[in-house]
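Secondary and tertiary structure notes
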Amino acid sequence: MKRSICTHCGAEIQGNMERCPVCGKRQRPAAARGGKTGANPARRWSFAVAIAALLAALTLVLCVLGGVFDFVARDAETMPDVIGQTEDNARQMLEALGLNISIQSASSEEAAGVVIDQSIPEGKALRSNQTVTLTVSNGSDAVRVPEKPVEELEVYAPKLLGQNYEEARSMAESVGLNIIKDGEQVSDEPAGTVIWQEPESGTGMRPREAIHCIVSKGPAETFTITVTCGKGGSVSPDGRVTFKRGDTARFTITPDKGYVLAELKVDGVSVGAPEEYEFPNVRADHTLYAVFRAAPEVEEKPPEDDPAEETPDAETPEDVAPEDQPTEDETPEPEE
């Protein structure tokens, strides 16, 4: 007799029954179940889960072996201080941490074979298979490079003029020189620009010597004095005259012939009729206005005759004695 398994509850069904005698549910045809009649779905599901778990475990093992997941607490290891250790001792300490070691040598006052430097600083976290370079002393008997003569130690002052002070400092330090700012001055250059240096660029200097410089404070603040005048004279300088803060502004007032200065107005206020006017320590804009008028006519007086100068030896007719004066009878006749 043909037997089958219920696709719902797994109970055994005899013959070609359409419904399960246990759960009463209609059975699907074998073709619709996608497999051989009698296969247990629960068993197939359990088998699939087992396969998936096995694959996951295998993947995890492969990742661990390949180093994808480093479950060894390497990051917990930090670089020790091996400076002062012998090369052999330093090697043993670092190889125990799984590090690769590179050795280089250098002259030193330390004894030969002593570590004098390490590329990874003490306390820094380490990674697996990281490389550390150790510098080992050659000893005090190592051959030293002779010092250069003083002439070869000279460096040349760079051109700092026109550079921003911070840029100038970087330029000086890049050639082994220092820089000192001696002060700031008003100039047409933008604020912070080097406008003077000593020594000049191209001068030979010793390393660590200083270049002195002065930095611009930027253009000075300016003010305008507007000068106008009426008919009959002039003011010098005239027009719109510009002065820097703190300057002294002087003006000369000159009437034309036949005119006099009537009054001078400064910022709209009369200040009399001076021949000159001065603004000390200019700190604001001002106006200057000169008013002239015709000079009054002066009546010309005739020149007075000066009395004749008396000469002490001259005798006037009144001073002549009567006996010395000629009479009518004694008047001499004209000669023919």
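The sections below set out a description of the structure shown in this document. (Residues numbered from 1 in each chain as written. Predicted model: local features only at pLDDT ≥ 70, side-chain atom pairs only at ≥ 80, totals over all residues. Heavy atoms only, no water.)

Some points on the overall build of the chain
Applicable threshold: Each helix corresponds to a stretch of at least 4 residues labelled H or I by DSSP, and each strand to a stretch of at least 2 residues labelled E; elements are numbered beginning at the N terminus. The rule is simple: take the accessible area with a 1.4 Å probe, protein chains only, and divide by the maximum for that residue type; under 20% is buried, over 50% is exposed, in between is partly exposed. For this analysis, residues touch if any pair of their heavy atoms sits within 4.5 Å. To be clear on the numbers: accessible area is Shrake-Rupley with a 1.4 Å probe, and residue cover counts the displayed protein chains and nothing else.
Across its full length, the chain holds three helices and 18 strands. For the chain, the proportion of its 336 residues judged to be buried stands at 21%. At a minimum sequence separation of 6, the contacts of the chain that also span at least 24 residues come to 58%. For the chain, the exposed area adds up to about 24,500 Å²; of that, 50% sits on carbon and sulfur atoms.

Digging into the nonpolar core
For clarity, the cut-off: Take the buried Ala, Val, Leu, Ile, Met, Phe, Trp, Tyr and Cys residues and link them wherever side-chain atoms come within 4.5 Å; each set so joined is a nonpolar core.
Counting residues in each nonpolar core, the largest one holds 17 residues, and the members touching the most others are Phe251, Phe279 and Leu288. Residue assignment for this core shows that the elements contributing at least two residues are β11 (222–229), β13 (239–244), β14 (249–255), β15 (259–266) and β18 (286–294). If sequence neighbours within four positions are ignored, Phe279 has contacts with Ile225, Asp247, Thr248, Ala249, Phe251, Val266, His286 and Leu288. Grouped together as the second largest cluster of nonpolar side chains are 13 residues, Leu160, Ala168, Leu177 and Val194 included.

Digging into the sheet that holds strand β16 (residues 269–270)
The following threshold applies: Two strands make a pair as long as DSSP finds a minimum of two bridges between them.
Across the sheet, five strands lie side by side as β13-β11-β18-β15-β16; this open sheet has mixed pairing. Two strands in the sheet have a free side with no partner beyond their single neighbour: β13 and β16. As defined by bridge partners, β15 adjoins β18 across seven bridges and the pair is classed as antiparallel. In the strand pairing of β18, Glu263 is matched with Val291.

Notes on a nonpolar patch on the surface
Note the cut-off: Within the patch definition used here, like charges are joined within 9 Å and nonpolar side chains (Val, Leu, Ile, Met, Phe, Trp, Tyr) within 5 Å, considering only residues with over 30% relative accessible area and no salt bridge. By convention in these notes, a salt bridge is any Lys or Arg side-chain nitrogen within 4 Å of a carboxyl oxygen on Asp or Glu.
A cluster of nonpolar side chains, namely Phe47, Ile51 and Leu55, defines an oily patch on the protein surface of about 310 Å² accessible area. The exposure class of Phe47 is exposed, given its relative accessible area of 57%.

A look at the pattern of salt bridges
Counted according to the given criterion, the structure contains six salt bridges. We note a salt bridge from Lys181 to Glu184, for which the minimum N-O separation is 3.7 Å. On the basis of relative accessible area, Lys181 is assigned to the partly exposed category, the value being 40%. A salt bridge links Arg245 to Glu221, with the nearest nitrogen and oxygen atoms 2.7 Å apart. One end of the pair, Arg245, is in the loop between β13 and β14; the other, Glu221, is in the loop between β10 (210–218) and β11, with 24 residues separating them in the sequence. Given a relative accessible area of 43%, Glu221 falls into the partly exposed group.

A closer look at the sheet that holds strand β4 (residues 115–118)
What counts, and what does not: Fitted lines through C-alpha atoms give the axes, limited to the stretch in contact for helices. The angle between two N-to-C directions lies from 0 to 180 degrees.
Pairing within the open sheet is mixed, and its three strands lie in the order β3-β5-β4. Each edge of the sheet is formed by a strand with only one pairing partner; in this case those strands are β3 (100–106) and β4. Taking each pair of neighbouring strands and ignoring which way they run, the sheet shows an average axis angle of 30 degrees. Relative to strand β5 (residues 131–137), β4 is paired through three bridges, and the arrangement is antiparallel. Each residue of the ladder has a partner; that of Val115, found in β5, is Val136. The sheet strands contacting helix α2 (residues 87–95) are β3, β4 and β5, and the helix crosses β3 at an angle near 155 degrees.

Structural notes on the packing of aromatic side chains
Our working rule: When the centres of two rings from Phe, Tyr and Trp lie within 6.5 Å, Trp using its six-membered ring, the rings pair. Their planes under 30 degrees apart give stacked, over 60 give edge-to-face, and anything left gives tilted.
For the coordinates displayed, the defined rule picks out three aromatic pairs. Consider the rings of Phe243 and Phe251, whose centres lie 6.2 Å apart with planes at 75 degrees: the pair is edge-to-face. Ring geometry for Tyr277 against Phe279: centres 5.1 Å apart, planes inclined by 70 degrees, an arrangement best described as edge-to-face. For Tyr277, a relative accessible area of 22% corresponds to the partly exposed category. Site record: aromatic cluster; members linked through ring pairs are Phe243, Phe251, Tyr277 and Phe279.

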